[in-house]
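# Residue-level structure breakdown
Residues per chain, in single letters:
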2 protein chains.
Amino acid sequence: MYKENYPSELLGNAVDAISGLPGVGRRSALRLALHLLSQPAENVHHFTEAINALRDDVVYCRECRMISDTDLCPICSDKGRDHSTICVVESVRDVMSIENTGQYHGVYHVLGGIISPINGIGPSDLTIRELVDRIGKAGGESLEVILALSGDVEGETTSFYIYRQISPLGVKVTTLARGLGFGDDLEYADSLTLGRSIAGRQPFKV
Amino acid sequence: MYKENYPSELLGNAVDAISGLPGVGRRSALRLALHLLSQPAENVHHFTEAINALRDDVVYCRECRMISDTDLCPICSDKGRDHSTICVVESVRDVMSIENTGQYHGVYHVLGGIISPINGIGPSDLTIRELVDRIGKAGGESLEVILALSGDVEGETTSFYIYRQISPLGVKVTTLARGLGFGDDLEYADSLTLGRSIAGRQPFKV
């Protein structure tokens, strides 16, 4: 049998590297490494260059901290969007999800994470300072800030922390509606969600 | 909404590259790209360098064509192994699987693929020529060649092609036992497998 089960140290190193990706086990990593090995060298170089370029040349929007190809992202530079509504989200992916709904026409602020003492992430690791500055510059009273963070403990903690920081600036602070998901069965909803759905009931629209 | 749904061309390129991997869809590719983006640059470079090194610096054993760090792989250079038994397999992964059983003490020959007209892979794309030369040099009569290829049409075709090439050299040609898998339920076995299991029945051992 092979030392550490890999016939080549180069292969073992590649498997180590690939299995470091989230959700990729060592078996899948081996499959991917052998796939890459079977490809023409130029394809593999194209693959690694695309990843290096992403990491090395990425730009974050100076206004909202969203990943962007320009100093000011397309959303922040769009005059047609409502710049008095700022949606605060955890990550780049959240912006993409909300944009996909087509229901939101304001701008964003990407925190770059969530307050999580267990992972060693405190408020100073996020772009909360930048959010406060941004609100200060824009003049608080005319703004609405939507706290669009997850409904778990870390999300609630972060929302509360940000609320405390920005409410003295006179902004209107809102949060996402919580309740039954579209198509959810009432019978199987957990009582916390159902409770919030009742408390946050809306006028019936036809 | 974003052009082609990606906020950055660099991100879009990375997602394109990652989703080219087998079994990775665009959603997973996005997740992996954003994960890489969130990592320190040196980790990402380490990742891409491991993959480039695998592709660029890989060596194949001159004897068996197995991936190796040396000109002659550890198995081929091991005097304790039976060099008169050559197990012919499709890929590097098959060698690793057989080695993992701990049941085989001969040497290997890696074809690097399987004859598949639909994928444009013919006998000349594989290391069949090298296998014939190798058998010729070793003196055919003293050798056993085990054709350890898949039981599908392509595997059978490749086995038959190789059999035709090497049987004139006087080697003993064998193939893997086919039958019920360990722990398989007889009731649910397909009739072809069950038929082969009966035809290839073995003396009962206690």
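This text gives an overview of the structure that appears in the document. (Residues numbered from 1 in each chain as written. Chains lettered and ligands numbered in written order. Predicted model: local features only at pLDDT ≥ 70, side-chain atom pairs only at ≥ 80, totals over all residues. Heavy atoms only, no water.)

## A few points about the overall build of chain A
Rule in force here: Secondary structure follows DSSP: runs of H or I at least 4 residues long count as helices, runs of E at least 2 residues long count as strands, and numbering of each begins at the N terminus. Only the C-alpha atoms count toward the radius of gyration. The rule for a globule is 2.2 Å times the residue count to the power 0.38.
Counting secondary structure elements, chain A contains seven helices and six strands. N-terminal to C-terminal, the α/β element order of chain A is α-α-α-β-β-β-α-β-α-β-α-β-α. For 206 residues, the compact-globule formula gives about 17 Å, and the C-alpha radius of gyration of chain A, at 22 Å, lies well above that figure. For chain A, the C-alpha atoms occupy an extent of roughly 65 × 50 × 40 Å along the three principal directions.

## Some points on the pairing of strand β3 (residues 82-89) of chain B
Residues and elements named next belong to chain B. Condition: Any two strands with at least two DSSP-identified bridges between them are counted as paired. When the strands point away from the viewer and the connection leading from the first strand across the helix to the second strand turns clockwise, the crossover is called right-handed.
Pairing of β3 with strand β4 (residues 106-110) involves five bridges; the strand directions are parallel. Bridge pairing in β4 links I86 to V107. Handedness of the crossover joining β3 and β4 through helix α4 (residues 92-101) is recorded here as right-handed.

## Section: the sheet that holds strand β6 (residues 172-175) of chain B
Residues and elements named next belong to chain B. Keep this limit in mind: Simply put, an axis is a line fit to the C-alpha atoms, just over the touching stretch for a helix, and the angle between two N-to-C directions goes from 0 to 180 degrees. The contact criterion used is simple: two residues touch if any of their non-hydrogen atoms lie within 4.5 Å.
One open sheet holds the four strands; their spatial order is β4-β3-β5-β6, and the pairing between them is parallel. On the outer flanks of this sheet lie β4 and β6, each paired with one strand and no other. Recorded for the sheet is a direction-independent mean angle of 25° between the axes of neighbouring strands. Sitting on the sheet, helix α5 (residues 128-138) is in contact with β3, β4 and β5 (144-147), with an inclination near 145° to β4. Across the sheet, helix α6 (residues 153-166) is in contact with β3, β5 and β6; its angle to β5 comes to roughly 165°.

## Side note on the sheet that holds strand β5 (residues 144-147) of chain A
Residues and elements named next belong to chain A. Strand order in this open sheet of four strands is β4-β3-β5-β6, and the pairing throughout is parallel. Only two strands of the sheet have a single partner each, and these edge strands are β4 (106-110) and β6 (172-175). With direction set aside, neighbouring strand axes in the sheet form an average angle of 25°. Across four bridges, β5 lies against β6 in parallel orientation.

## Comments concerning unusual backbone geometry
For A:R65, which is not glycine, the phi dihedral falls at a positive 70°. Along the chain, A:R65 turns up in the loop between β1 (59-60) and β2 (67-68).

## Remarks on α6(B)
The line we're drawing: Expected helix span is computed as 1.5 Å times (number of residues minus one).
Between its first and last C-alpha, α6(B) extends 20 Å over 14 residues, near the 20 Å set by a 1.5 Å rise per residue. Looking at the buried positions of α6(B), the neighbouring elements they touch are β3, α5, β5 and β6 of chain B.

## Focus: the relation of the copies chain B and chain A
Applied cut-off: Superposing the copies works by least squares over the C-alpha atoms of residues that have pLDDT at least 70 in both of them.
Of the transformation placing chain B onto chain A, the axial shift is 0.0 Å and the rotation is 180°, giving an RMSD of 0.0 Å. Here the two chains are linked by the operation of a two-fold rotation axis. Every residue of chain B has its C-alpha some distance from the rotation axis, and the shortest such distance is that of B:T48, at 2.6 Å. Of all interface residues in chain B, 100% are interface residues in chain A too; the two copies therefore contact each other through one and the same surface.

## Details of the interface of chain B and chain A
Often, the extent of an interface is quoted as the loss of accessible area on bringing the components together. Spelled out, the test is: What gets called buried area is simply the loss in accessible area from a 1.4 Å probe that two parts show on being joined, summed for both. In the sections that follow, a salt bridge refers to a side-chain nitrogen of Lys or Arg positioned within 4 Å of a carboxyl oxygen of Asp or Glu. Distance and chemistry together define a polar contact, namely a pair of N or O atoms within 3.5 Å, with one atom able to donate a hydrogen and the other to accept it when in protein, and with adjacent residues in sequence counting only for side-chain atoms on both sides.
The partner chain A presents 53 residues to the 53 residues of chain B that form the contact. Roughly 5,100 Å² is buried in total at the junction of chain B and chain A, and carbon and sulfur atoms are behind 72% of that figure. Here chain B is connected to chain A by zero salt bridges. Summed over the shared surface of chain B and chain A, the number is 12 residue pairs in polar contact (both at pLDDT 80 or more). Counting only elements with at least two residues in the side of chain B that touches chain A, the list comes to α1 (9-18), α2 (26-38), α3 (41-57), β2 (67-68) and α4 of chain B. Counting residues per element, the side of chain B that touches chain A draws most heavily on α3(B), which supplies 13 residues.

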